[in-house]
Amino acid sequence: MLRQVDTQESEHDPKSQRVVLSSGQLVQFDNNQLVNESDVIVKGTVLSQKVQKDFEGFPVTDTIIQVQTTYKGEPGETVNVRVNGGEMEDIILIPEEEAAPSFNIGEEVIVFLSANKGSRPDKNDFGYYVVGQSQGKFSLDHSSKSFHRNSNESQVFNFNDFQEEINRIEEYNRTNNVPRIFLPEGVESNI
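Residues numbered from 1 in each chain as written. Predicted model: local features only at pLDDT ≥ 70, side-chain atom pairs only at ≥ 80, totals over all residues. Heavy atoms only, no water.

As for the pairing of strand S4 (residues 59-72)
Within a regular beta strand, the side chains point alternately toward one face of the sheet and then the other, so they alternate between its two faces.
Consideration 1: Note that strand S3 (residues 40-53) and S4 share 12 bridges and pair antiparallel. By the bridge assignment, Gly44 is partnered in S4 with Val67.
Consideration 2: The loop that links S3 with its antiparallel partner S4 comprises five residues; one of these, Gly57, has a positive phi angle of about 90°.
Consideration 3: Pairing of S4 with strand S5 (residues 78-84), which is carried by seven bridges, proceeds in the antiparallel orientation. By the bridge assignment, Val60 is partnered in S5 with Asn84.
Consideration 4: Counted between consecutive antiparallel strands, the loop separating S4 from S5 contains five residues, among which Gly73 sits at a positive phi close to 85°. (Pairing = 2+ DSSP bridges. Helix = DSSP H or I, 4+ residues; strand = E, 2+ residues; numbered from the N terminus.)

Below, the structure is given as structure tokens:
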């Protein structure tokens, strides 16, 4: 989740596209927080991507992932994941690398996903956000038979016992009443 967003605009070609560079400060998650904040954790293959404008008029990329294995939650056969950024005819939004994960068609990934979209007017247009932005997206590298790191190498999971690791973290969170940083969609705070 971004805490602060600075937007800079620069003219790319005044007749065609406006380029917007977006940066912010990323809240750092550990493995426990990634699992705790996730409604769904899946392994899958990237099938397609579509760039469109969000309710504020900025480009977003919706990525469809074919689910192969579910580690947490109850997703469908595919998940629709929204990431800020993309290129359209009139505007290009380039988020800071750590602020938004990137996906490639055909890529095999593990993603930690949140269904919490707040009160956005376009919240029914997509299914999930990636928890912790780039921290919650892991590209699978089969040459590294056991450990997988996310793109900014802030989290590492052992793929050989990934489901057991998720289960241990979930049990620890339940036993110790570890609260979520962000409440699940539709849950109100009792503060």
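So, the packing of aromatic side chains
Consideration 1: According to the stated counting rule, one finds seven aromatic pairs in the structure shown.
Consideration 2: Look at Tyr71 and Phe162: their rings are 4.6 Å apart centre to centre, the planes differ by 90°, and that puts the pair in the edge-to-face class. Of this pair, Tyr71 sits in strand S4 while Phe162 sits in helix H2 (residues 162-175), and the two are 91 residues apart along the sequence.
Consideration 3: Accessibility expressed as a relative area gives 12% for Tyr71, which makes it buried. (Phe/Tyr/Trp six-rings, centres within 6.5 Å; stacked < 30°, edge-to-face > 60°. Buried < 20%, exposed > 50% of the residue type's maximum accessible area, 1.4 Å probe, protein only.)

With respect to the nonpolar core
Consideration 1: With 15 residues, the main nonpolar core has Val42, Ile65, Val79, Val81, Phe103, Val111 and Leu113 as its most contacted residues.
Consideration 2: For this core, the secondary structure elements donating two or more residues are S3, S4, S5 and strand S8 (108-114).
Consideration 3: Each residue touching Ile65, except ones within four places of it in the same chain, is listed here: Gly44, Thr45, Val46, Leu47, Glu77, Thr78, Val79, Val81, Phe103, Val109 and Val111.
Consideration 4: The next biggest cluster of nonpolar side chains, apart from the first, holds 14 residues, and it includes Leu34, Tyr71, Leu140 and Ile166. (Core = buried A, V, L, I, M, F, W, Y, C linked by side-chain atoms within 4.5 Å. Contact = heavy atoms within 4.5 Å.)

So, unusual backbone geometry
Consideration 1: Although it is not a glycine, Gln133 sits at a positive phi angle of roughly 55°.
Consideration 2: Considering the arrangement of structural elements, one finds Gln133 in the loop between strand S9 (129-130) and strand S10 (137-139).
Consideration 3: By relative accessible area, which is 15% here, Gln133 ends up buried.

What to know about the pattern of salt bridges
Consideration 1: If you walk through the whole model with that rule in mind, you get 11 salt bridges.
Consideration 2: Of the charged contacts in the structure, one is a salt bridge between Arg120 and Asp122, with a shortest N-O distance of 2.8 Å.
Consideration 3: Notably, a salt bridge pairs Asp161 with Arg168, separated by 3.4 Å at the nearest N-O pair.
Consideration 4: We classify Arg168 as partly exposed; its relative accessible area is 49%.
Consideration 5: One salt-bridge network, held together by shared partners, links Asp54, Asp62, Arg82, Arg120 and Asp122. (Salt bridge = Lys/Arg side-chain N within 4 Å of Asp/Glu carboxyl O.)

Quick word on the environment of Thr63
Consideration 1: Examined against the element boundaries, Thr63 turns out to sit in strand S4.
Consideration 2: As a C-alpha pair, Thr63 and Phe126 span 63 residues in sequence and 9.2 Å in three-dimensional space.
Consideration 3: Contact partners of Thr63, with chain neighbours within four places excluded, come to Val46, Ser48, Gln49, Val79, Asn80, Val81 and Phe103.

A word on the pairing of S3
Consideration 1: Bridging between S3 and S8 involves six bridges; their strand directions are antiparallel. Bridging across to S8, Gly44 finds its partner in Val109.

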